[in-house]
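Examining the three-dimensional arrangement
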Amino acid sequence: MNHPNATWRQALLTLAFRPFFLLGSLWAAVSIILWMGMLHGGLILPSRFDPLSWHIHEMLFGWILAAVAGFLLTAIPNWTGRPPVRGAMLGALAVVWLLGRIVGAVSLYLPWWLAAAVDVAFPAMVCTLAWREIVGAGNRRNLPMPIPVALLGVASLLMHLQQAGVDLGIPIADGLGWRLAMAAVSILIAVIGARIIPAFTRNWLTAKRIQAQPTGSRALDIAATATLHGGLLAWAMLPQVRAIGLLLLAAAALNLWRTLRWAGRATLGEPLLAILHLGYLWLVAGAALLGLSQLGMAWLQVAAIHALTAGAMGTMVLGVMTRVSLGHTGRPLAADRMTTGIYIAVSAAALCRIGAALLPAPLLLSASAACWTLAFLMFVARYGAVLLQPRLR
């Protein structure tokens, strides 16, 4: 008979979603608590990053990168038919991710290049493992999937270089690192969302014998994808070009049209599915707000950034994490009350944060932080045991 501790350790390292969804969710909560301590409590971390840069870095390269790694390395075996990354290798990946969080917080005591190397090691390892499996299986369709992770690695390195004041000999726009990271994650959400949302919706509606069905259009898909990807990358590289706003507004309109064809209204009876539609709508809202901010309404930029991060990323990550945690552990794909509460909390966090960007109401910022922290701690409370237990069937 296995010792209980051995059992949970074995379960934790069987698939990447288990350690990274758990670690990422804990960090999503803890890092926001630390950030609020910096804003209101005088907390000072011995980091080379100033407080705002640290907050941005840990959201994009700590929390979101953990969630992306957990999803990608769990999905790849389904795409390729090859064995998943597990055991000692998966444990080593988790340790490297943890080291990145530590060096980011105490980088003032380290050479900048060492902190950068430790931090960038994680996305480099994830990309290497992902491409090894995809190439090994001859799975050409999914060859581009690790590219956003590679971009995140480059973006993190750029933040370290700029924070350390390293002269690269070429002009680099201020903030390129975090903008490139935001664009990469938003693109990944768009790609994954366009794959899974219509498919999951179709399967659920068919099982429930509901007549409404998602409809697709190849021309619309191409146009929506091209304008969104092009607009986000152009904004990351050339934020001073106002005309990019028109491209982003076109992307928002095309992706809204695309989303409305996915029969989202028919899924309101199943929060586990409806949350994915909501997450994609946050992506549309973020692109629209970002487009308007480029066209002279600069006061909308903070709202746009948080529509993409707290809104699209927060909602989609929790939507995917809850679904994957249930499906890959042999549990029914249905949201219970606590799961629905998680979705309500993260939605409230996004709405309050955007409200705080538009209105002079400091309490909204605190409310957003509280709701965000609650959402991810609720995920840990509800799904922590699930992630630490063997698959049911």
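**Topic: a nonpolar patch on the surface**
A surface patch of nonpolar side chains, amounting to about 330 Å² of accessible area, comprises Leu256, Leu260, Leu278 and Leu281. Elements supplying a minimum of two residues to the nonpolar patch: α9 (244–260) and α10 (271–294). Looking at the secondary structure, you find Leu281 in helix α10.

**Comments concerning the pattern of salt bridges**
On inspection of all chains with the given rule, the structure shows 6 salt bridges. A salt bridge links Arg382 to Asp336; the nearest nitrogen and oxygen atoms lie 2.6 Å apart. Here the residue Arg382 occupies a position in helix α13 (residues 362–387), and Asp336 occupies one in the loop between α11 (301–327) and α12 (337–358), the gap between them amounting to 46 residues. Judged by relative accessible area, which is 28%, Asp336 ranks as partly exposed. Each of Glu58, Arg101 and Asp119 takes part in a single network of salt bridges with overlapping partners.

**Some points on α13**
One turn of the α-helix equals 3.6 residues, which is why residues spaced by three or four share an orientation. Under the 1.5 Å per step criterion, the end-to-end length of α13 is 36 Å for 26 residues, consistent within 8% with the ideal 38 Å. At Ala381, α13 is bent by approximately 35°, the largest bend along its length.

**Things to note about helix α3 (residues 51–80)**
Its 30 residues place the ends of α3 41 Å apart at the C-alpha level, agreeing with the 44 Å of an ideal helix rising 1.5 Å per residue. At Leu65, α3 shows its largest bend, some 35°. Of all 30 residues in α3, 25 are buried, a share of seventy percent or more. With a side-chain oxygen lying 3.2 Å from the backbone nitrogen of Leu52, the N-terminal cap of α3 falls on Asp50.

**Observations concerning the packing of α11 against α12**
The interhelical angle for the contact between α11 and α12, taken along N-to-C directions, is 175°, at an axis separation of 8 Å. When the axis of α11 is compared with that of α12, the two are roughly antiparallel. Of the residues in α12, those in contact with Val302, Ala303, His306, Ala307, Ala310, Gly311, Gly314, Thr315, Leu318, Gly319 and Thr322 of α11 are Thr339, Ile342, Tyr343, Val346, Ala350, Arg353, Ile354, Ala357 and Leu358. A per-class count over the contact of α11 with α12 returns 12 nonpolar, 7 polar and 1 charged.

**Observations regarding the packing of α10 against α11**
At a minimum axis separation of 8 Å, α10 and α11 run at an interaxial angle of 160°. On the basis of their axis angle, the class for α10 and α11 is roughly antiparallel. By crossing handedness, the relation of α10 to α11 is classed as left-handed. Its residues assigned to classes, the contact of α10 with α11 comprises 20 nonpolar, 8 polar and 1 charged.

**Focus on the environment of Leu358**
Mapping Leu358 onto the fold places it in helix α12. Spatially, the C-alpha atoms of Leu358 and Ala303 are 6.9 Å apart, while their sequence positions differ by 55 residues. Excluding residues within four positions of it along the chain, Leu358 makes contact with Trp299, Leu300 and Ala303.

**Focus: empty space enclosed by the protein**
With the rule as written, the count across this model stands at 4 cavities of 30 Å³ or more. What the largest cavity holds in volume is close to 210 Å³. Looking at the largest cavity, it is lined by 13 residues, and the ones nearest its centre are Val68, Phe71, Ile189, Val317 and Val320. For the lining of the largest cavity, the secondary structure elements donating two or more residues are α3, α7 (176–207) and α11. The class makeup of the residues in the lining of the largest cavity is 13 nonpolar, no polar and no charged. Of the volumes computed, that of the second largest cavity is approximately 50 Å³. Looking at the second largest cavity, the residues that line it are Arg48, Phe49, Ser107, Trp112, His160, Gln163 and Ala164. Here the lining of the second largest cavity takes 3 residues from helix α6 (residues 147–164), the largest share from any one element.

Basis of the calculations
- Residues numbered from 1 in each chain as written.
- Predicted model: local features only at pLDDT ≥ 70, side-chain atom pairs only at ≥ 80, totals over all residues.
- Heavy atoms only, no water.
- Patch = residues over 30% accessible without salt bridge, like charges linked within 9 Å, V, L, I, M, F, W, Y side chains within 5 Å.
- Areas by Shrake-Rupley, 256 points an atom, 1.4 Å probe, with all protein chains shown as cover.
- Salt bridge = Lys/Arg side-chain N within 4 Å of Asp/Glu carboxyl O.
- Helix = DSSP H or I, 4+ residues; strand = E, 2+ residues; numbered from the N terminus.
- Buried < 20%, exposed > 50% of the residue type's maximum accessible area, 1.4 Å probe, protein only.
- Expected span 1.5 Å × (residues − 1).
- Bend = angle between axes of the 7 residues up to and from the residue.
- Polar contact = N/O pair within 3.5 Å; in protein donor to acceptor, adjacent residues only side chain to side chain.
- Axes fitted to C-alpha atoms, helices over the stretch in contact; angles between N-to-C directions.
- Parallel < 35°, antiparallel > 145°, perpendicular 65-115°, else oblique.
- Contact = heavy atoms within 4.5 Å.
- Nonpolar A, V, L, I, M, F, W, Y, C, P; charged D, E, K, R; others polar.
- Left-handed = near helix turned anticlockwise from the far one by under 90°.
- 1 Å grid on protein atoms, 1.4 Å probe; cavity = no way out; pocket = protein on both sides within 12 Å on 5 of 7 lines; lining within 4 Å.
- Points joined across faces, edges and corners; volume = space filled by probe spheres on them.

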